Amino acid sequence: MSTPLEQWVESTARITRPAQIQWCDGSEGEATRIEDQLIREGRTFPLNDKTYPNCILHRSDPSDVARTEKVTYICTRNREDAGPTNNWIAPAEAKQTMGALFDGSMKGRTMYVVPYILGPAASPQSRVGVEVTDSAYVVASMRIMSRMGKVALDRLGSSSDFVPGLHSLGDLSPERRLIAHFQEEKLIWSIGSGYGGNALLGKKCFALRIASWMAREQGWMAEHMLILGLESPSGKVTYMAAAFPSACGKTNLCMMVSALENEGYRVWTIGDDIAWMQVGSDGYLHAINPESGFFGVAPGTNEKTNSNVMAAVRKNSIFTNVAMTAQREPWWEGMSENVPSGMLDWQGRAWSPSNGPAAQPNSRYTVPAVQAPSISPRWDDPAGVPISAFIFGGRRARLAPLVYEAMNWQHGVYVAATMASETTAAITGAVGVPRRDPMAMLPFCGYNMGDYFRHWLEMGKKIPHPPKIFHVNWFRKGADGKFLWPDMATTLAS
Ligand code: SPV
Ligand code: MN
């Protein structure tokens, strides 16, 4: 008797027709084979073995460098359930259109089966997903970003309780790129992109779009939030979660070195992008980080903005679309004051300023969370950490004040629901245009935004000790065009 997972994999292979199927176990040997495969494919390069051991640099297709919200769909039976802020296609129509694209899309290639757990392996809050993909880059990335391989198969057993995700690079054409979420089935289909949020299906597709739907059904929360612990001189650690839109500095904030470190304040990192939260038996909202790595924006990252990540990325990391120096080290704008000579830019050309930036503005590092010197001793705690505060914020050169506190939960929901931010390079499209981005979830809420606000209000009634809610804006500029936030010019969040 085959298991539900085996049956799904077989049915997928009948459509995509790969030359072979490889079940990933997450072992070291497998990681080496995947890396060799990537290097053979010609777009991935080993970095300096002495200064960046076990690190690789990957160059994506130049048209495939950011999330593509225009072709991201929520496929609910009723259009109303997707709501006014999501693109919608009826499930049957999406399956027909995409089925034609998946038909034979893996011919002559390997289909990798990637089982993964989102969240600590032993946590009841964690969930299992399985991604089927024809991209070795996706496999290498999922190995860092999730608890991947045997550990997930062991947790799943012969159960059908997993979120299946089908991914194929297709022909990488932006015209045939589609990312669809079948919410009622809890199924993800993605074709035509190898980029992070489009292709690592455990990340935005499952951990936010599918999970937000599950969370509403089951009475918990899946949010686009970092999680950090702030230790005071007495040794007490206060945990907070903070929502900012993409590329507004979540990674740098959760790994921050406190300016008051000499006085005994210290920041501990639990997560940099996504928080899953449920009410614990102590009456506090408890957060786990569903991920196990950081997929952070490289440009602007340096010893000042994020010394913890600069230390973390010195081994076992993937660099995507950054420049490579003559010493085979990664480089990006803002990494150092001196621009090294003899670099190759993100597309592998001899770098010249006339070709634009050396590193693509949304170039990224992918690094195991445990390598961060700031990683919290509780980051893998199955019970999560109790959250005392939510912080919301965005990039607003004008208008939004530096910091204020909401009067209560309902007011906090209003503040978060009406927040806005100037767009960044993390998504395809114009940069710097202010847009409303409720809870930083506009691209990630897997259902009707009105129902989502209602869910927030309902949650407030269920949390005996709700977090305090704050709004911040460290991007505010004065009449002189300079940042008002102290020291912001040097610690500019990337
Ligand atoms: C974001 O864009 O919010 C990210 C990167 O965290 S991605 O995985 O591409 O979504
Ligand atoms: Mn994000």
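Counting starts from 1 at the beginning of each chain's written sequence and moves along it residue by residue. Chain A is the first chain written and ligand 1 is the first ligand written, with later ones labelled in order. Selection of residues for local features in this predicted model requires a pLDDT of at least 70, selection of side-chain atom pairs for listing and counting requires 80 or more, and totals for whole chains, interfaces and linings are taken over all residues. Calculation of side-chain values draws on the structure's entire complement of heavy atoms; hydrogens and water are dropped beforehand.

Asker: Sorry if this is basic, but what is going on with the site of ligand 1 here?
Answerer: In the vicinity of ligand 1, the contacting residues are Arg67, Tyr195, Gly197, Lys203, Lys204, His224, Ser246, Asp273, Phe295, Arg364, Ala426 and Phe444. Residues adjacent in sequence count toward polar contacts only when both atoms are side-chain atoms; beyond that, a polar contact is any pair of N or O atoms within 3.5 Å, and within protein one must be able to donate a hydrogen and the other to accept it. Within the side chain of arginine 67, one N or O atom sits 3.0 Å away from an oxygen atom of ligand 1. Between ligand 1 and serine 246 there is a distance of 2.5 Å, counted from an oxygen atom to a side-chain nitrogen or oxygen. Calculation on ligand 1 without its partners gives an accessible area of 280 Å², and the protein chains cover 98% of this total. Residue ranges for the domains originate in an automatic or database domain assignment. Looking at the shell around ligand 1, you find at least three residues from each of domain 1 (4-43 + 70-218) and domain 2 (222-294 + 372-492). A molecule or strand has a residue near it when one of that residue's heavy atoms lies within 4 Å. All accessible-area figures derive from a Shrake-Rupley calculation using a 1.4 Å probe, and residue coverage is judged against the displayed protein chains alone.

Asker: When you look at the domain arrangement of the chain in this model, what are you seeing that I'm missing?
Answerer: Much of the literature gives interface size as the accessible area that the parts lose upon coming together. Its domain assignment divides the chain into domain 1 (4-43 + 70-218) and domain 2 (222-294 + 372-492). What makes two residues a contact is simply this: any of their non-hydrogen atoms within 4.5 Å. Counting from both sides, the interface comprises 34 residues of domain 1 and, opposite them, 32 residues of domain 2. When two components associate, each loses some accessible surface as probed by a 1.4 Å sphere; the sum of these losses over both components is called the buried area. Approximately 2,800 Å² of surface area, both sides summed, lies buried where domain 1 meets domain 2, with 54% of it carried by carbon and sulfur atoms. Looking only at domain 1, the three residues that lose the most surface to domain 2 are Gln125, Leu208 and Arg216, adding up to 25% of its buried area. Between aspartate 273 and lysine 204 there is a salt bridge, with the nearest N and O atoms lying 3.2 Å from each other. Salt-bridge detection follows one rule: a side-chain nitrogen of Lys or Arg within 4 Å of a carboxyl oxygen of Asp or Glu.

Asker: When you look at the nonpolar core in this model, what are you seeing that I'm missing?
Answerer: Inside soluble globular proteins, nonpolar side chains tend to come together where they are buried. Trp276, Phe390, Phe392 and Trp456 are the most contacted members of the largest nonpolar core, which totals 117 residues. The helix count covers DSSP runs of H or I at least four residues long, the strand count covers runs of E at least two residues long, and both are numbered beginning at the N terminus. The leading source of residues in this core is helix 8 (residues 202-218), at 9 residues. Within the second largest apolar cluster, 27 residues are counted, among which are Trp8, Leu166, Phe182 and Leu187. Only buried residues count toward a nonpolar core. Its members are Ala, Val, Leu, Ile, Met, Phe, Trp, Tyr and Cys residues joined through side-chain atoms within 4.5 Å. Relative accessibility decides the category of a residue: with a 1.4 Å probe and only protein chains considered, values under 20% of the type maximum give buried, values over 50% give exposed, and everything between is partly exposed.

Asker: What am I meant to see in helix 1 (residues 4-16) here?
Answerer: The α-helix winds at 3.6 residues per turn, so residues separated by three or four positions along the chain end up facing the same way. Over its 13 residues, helix 1 extends 18 Å from the first C-alpha to the last, a length consistent with the 18 Å expected when each residue adds 1.5 Å. Taken together, the buried positions of helix 1 are Leu5, Trp8, Val9, Thr12, Ala13 and Thr16. Along the axis of helix 1, the buried residues cluster in a sector spanning 135°; they form a single face. The first or second residue beyond helix 1 is arginine 17, which carries a positive phi of 50°. Expected helix span is taken as 1.5 Å per residue step, with the number of steps being one fewer than the number of residues. For this quantity, the arc is that covered by the directions from the helix axis to the C-beta atoms.

Asker: How should unusual backbone geometry be read in this particular structure?
Answerer: Phi is mostly negative for residues that are not glycine, and the peptide bonds are mostly trans. The backbone of leucine 172 sits at a positive phi, close to 60°, despite the residue not being glycine. Turning to its location among the elements, leucine 172 is positioned in the loop between strand 8 (163-168) and strand 9 (178-182). Here leucine 172 falls in the partly exposed class, since its relative accessible area comes to 23%. Although it is not a glycine, arginine 328 adopts a positive phi angle of roughly 60°. Structurally, arginine 328 can be placed in the loop between strand 19 (323-324) and strand 20 (330-331).

Asker: What am I meant to see in the pattern of salt bridges here?
Answerer: It is possible for side chains bearing opposite charge to pair when their charged atoms get close. Under the defined criterion, the tally for this structure stands at 20 salt bridges. Of the charged contacts in the structure, one is a salt bridge between aspartate 273 and lysine 203, with a shortest N-O distance of 2.8 Å. Here the residue aspartate 273 occupies a position in the loop between strand 14 (266-271) and strand 15 (275-279), and lysine 203 occupies one in helix 8, the gap between them amounting to 70 residues. Side by side, aspartate 273 and lysine 203 carry an identical accessibility label, which is buried. Lysine 250 is the partner of aspartate 273 in a salt bridge, and the nearest nitrogen-oxygen pair spans 3.6 Å. Placement of the pair is aspartate 273 in the loop between strand 14 and strand 15 and lysine 250 in helix 9 (residues 250-254), with a sequence separation of 23 residues. With relative accessibility at 8%, the residue aspartate 273 sits in the buried group. Exposure remark for lysine 250: the relative accessible area of 5% places this residue in the buried category.

Asker: Mind showing me how you'd approach the sheet that holds strand 21 (residues 364-368) here?
Answerer: One open sheet holds the 5 strands; their spatial order is 2-3-18-21-17, and the pairing between them is mixed. Single-partner strands in this sheet number two, and they are strand 2 (44-46) and strand 17 (293-297). Across the sheet, the mean angle separating the axes of adjacent strands is 20° when strand polarity is ignored. Any two strands are treated as partners once DSSP identifies two or more bridges connecting them. Examined bridge by bridge, strand 3 (residues 56-58) and strand 18 (residues 318-320) share 3 bridges and lie parallel to one another. Bridging from a neighbouring strand, isoleucine 56 pairs with isoleucine 318 of strand 18. Lines fitted to C-alpha atoms define the axes, with helix axes restricted to the stretch in contact, and inter-axis angles between N-to-C directions lie between 0 and 180 degrees.

Asker: What exactly am I supposed to notice about the packing of helix 11 (residues 409-417) against helix 12 (residues 449-462) here?
Answerer: Packed helix pairs are specified by the crossing angle of their axes together with the interaxial distance, meaning the distance between the axes. Direction vectors running N to C along helix 11 and helix 12 enclose 155°, while the axes themselves pass 10 Å from each other. The angle between helix 11 and helix 12 falls in the class roughly antiparallel. In this structure, helix 11 meets helix 12 at a crossing whose hand is right-handed. The segment helix 11 lies against helix 12, with Trp409, Gln410, Val413 and Ala417 engaging Phe453, Trp456, Leu457, Met459 and Gly460. Across the contact of helix 11 with helix 12, the residue classes tally to 7 nonpolar, 2 polar and no charged. When an angle is under 35 degrees it counts as roughly parallel; over 145 it counts as roughly antiparallel; between 65 and 115 it counts as roughly perpendicular; any other value is oblique. Left-handed describes a crossing in which the near helix is turned anticlockwise from the far one by less than a right angle; the clockwise case is right-handed. Side-chain classes are defined by residue name, with Ala, Val, Leu, Ile, Met, Phe, Trp, Tyr, Cys and Pro counting as nonpolar, Asp, Glu, Lys and Arg as charged, and the others, Gly among them, as polar.

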